[in-house]
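Chain and residue survey
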Amino acid sequence: MKILVTGSNGQLGTEIRKRENNYPGWNFVYADLPDLDITEAAQTEALLLQEKITTIINCAAYTAVDRAESDVDTARKVNATGPGILAKLATKLGLQLIHVSTDFVFNGKGCTPYTEDQQPDPLSVYGRTKLEGEELVLKAAPNSVILRTSWLYSAHGNNFVKTMQRLGNERAELKVIFDQAGTPTWAGDLADAILTILSDPETGKTKRGIYHYSNEGVVSWYDFASEIMDLSGISCKVLPIETKEYPTPAARPSYSVMNKSKIKNGFGLEIPHWKESLKVVIEELARL
């Protein structure tokens with residue numbers, strides 16, 4: 001197997017790279033801007049042929065949720081057009097495609113964990129363009145696997161955990177939203193899940209379509225921030241506020257917890273609780 005990881009400089013791509021030695025029979029090719037633009041079909045096809053790729057893990061995405069509200073064309077190009085091109089090429093060349101999507105395809109008005117067959121209704125440009133990407137992938141490459149994830153973080157790149165640590169060290173107190181609930185996901189756990197899925201001989205055959213993956217548990221941003229401070233030994237006081245007290249250009253789902261029964265039953269995954277994985281990342285950050 002020869003695997004192309006797109007968007008490889010991001011959090012998920014970095015975690016996949018850290019695990020490649022666990023799969024000695026696989027060859028990994030890592031690509032990101034400016035060397036690979038997945039919205040350029042000719043450039044992408046040339047790389048796939050040159051490297052004799054058999055599998056694509058698409059980690060490339062436009063994830064600046066608020067900026068997407070005023071940068072619609074770029075968000076759509078990266079989150080929808082690019083995945084659609086990858087899907088067409090996967091079908092044309094007979095490749096396996098795993099595409100990463102988001103909990104933001106839901107409106108968050110529910111109160112029980114979302115299953116894969118529930119109707120999406122995104123609230124933001126980011127969510128809408130990611131949903132468009134899902135639809136284009138499934139239309140062009142129906143044997144693909146789409147993984148929706150949520151609240152991704154790691155010891156690398158820009159994310160909520162690192163932001164809270166930085167602000168916590170700078171300020172005596174922080175106000176964090178308490179009326180949005182979801183599940184944090186360590187990019188390392190998601191990387192492990194993806195590589196497990198690729199190890200399954202039925203992936204792309206009987207096991208295809210949309211799956212939900214996040215860590216276990218449910219938490220608000222306020223409680224998540226409080227746990228980050230506690231584990232980091234930061235004395236900053238965290239105060240709960242309502243969403244309306246912190247207006248943003250893009251609306252967020254107030255409840256975006258996902259049901260993970262399908263992926264656990266389909267691939268035999270044991271998913272860690274978010275607190276367990278947060279401890280791992282806090283310890284890693286302390287070593288950096």
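On a predicted model such as this, the values are computed, not experimentally measured, just so you know.

1. Some thoughts on the side chain of S214
Mapped onto the elements of the fold, S214 is located in the loop between β10 (209-212) and β11 (219-220). Here the side chain of S214 touches K260 through a polar contact of 3.2 Å, side chain to side chain. In contact with S214, not counting residues within four places along its chain, are T149, S150, T183, T185, M258, K260 and I271.

2. Some details on the pairing of strand β4 (residues 96-102)
Burial analysis of β4 places 7 of its 7 residues in the buried class, which makes it a mostly covered element. Alternating residues of β4 divide into Q96, I98, V100 and T102 and L97, H99 and S101, and every residue in both groups is buried. Note: strand β3 (residues 55-58) against β4, 4 bridges, orientation parallel. Among the inter-strand pairings, I57 is bridged to a residue of β4, identified as I98. Following the chain from β3 across helix α3 (residues 72-93) to the adjacent parallel β4, one finds a crossover that is right-handed. Pairing between β4 and strand β5 (residues 145-149): 5 bridges, direction parallel. Residue T102 lies in a different strand from β5, and its bridge partner there is T149.

3. Considering the pattern of salt bridges
According to the stated counting rule, one finds 14 salt bridges in the structure shown. A salt bridge links E45 to K92; the shortest N-O distance between them is 2.8 Å. Taken as a pair, E45 in helix α2 (residues 41-50) and K92 in helix α3 lie far apart in primary sequence, 47 residues in all. Since its relative accessible area comes to 57%, K92 is described here as exposed.

4. Topic: the pairing of strand β1 (residues 2-6)
Across the 5 residues that make up β1, a large majority, 4, are buried. Across 5 bridges, the pairing between β1 and strand β2 (residues 27-31) is parallel. Across the sheet, the residue bridging to K2 is N27, located in β2. Note that the unit made of β1, helix α1 (residues 11-19) and β2 has a crossover that is right-handed. One ladder, built from 4 bridges, connects β1 with β3; its direction is parallel. Its bridge partner being in β3, I3 is matched across the sheet by T55.

5. Quick notes on the packing of aromatic side chains
Enumeration over the complete set of coordinates arrives at 13 aromatic pairs. Their ring planes at 10 degrees and their centres at 3.5 Å tell us that W151 and W221 sit as a pair that is stacked. Placement of W151 in the loop between β5 and β6 (152-153) and of W221 in helix α7 (residues 221-232) is noted, with a sequence separation of 70 residues between them. Comparing W151 with W221 shows no difference in burial state: the two are buried. Site record: aromatic cluster; members linked through ring pairs are W151, Y153, F160, W221, F224 and W274. Directly above the aromatic system of Y30 lies the positively charged group of R17, at a separation of 4.0 Å from the ring centroid. Stacked on the ring of Y211, the Lys or Arg K262 has its end atom at 4.5 Å from the ring centre.

About the thresholds
- Residues numbered from 1 in each chain as written.
- Predicted model: local features only at pLDDT ≥ 70, side-chain atom pairs only at ≥ 80, totals over all residues.
- Heavy atoms only, no water.
- Helix = DSSP H or I, 4+ residues; strand = E, 2+ residues; numbered from the N terminus.
- Polar contact = N/O pair within 3.5 Å; in protein donor to acceptor, adjacent residues only side chain to side chain.
- Contact = heavy atoms within 4.5 Å.
- Buried < 20%, exposed > 50% of the residue type's maximum accessible area, 1.4 Å probe, protein only.
- Pairing = 2+ DSSP bridges.
- Right-handed = clockwise from strand over helix to strand, strands pointing away.
- Salt bridge = Lys/Arg side-chain N within 4 Å of Asp/Glu carboxyl O.
- Phe/Tyr/Trp six-rings, centres within 6.5 Å; stacked < 30°, edge-to-face > 60°.
- Lys NZ or Arg CZ within 6 Å of the ring centre and 35° of its normal.

Geometric values such as these leave the question of function open.
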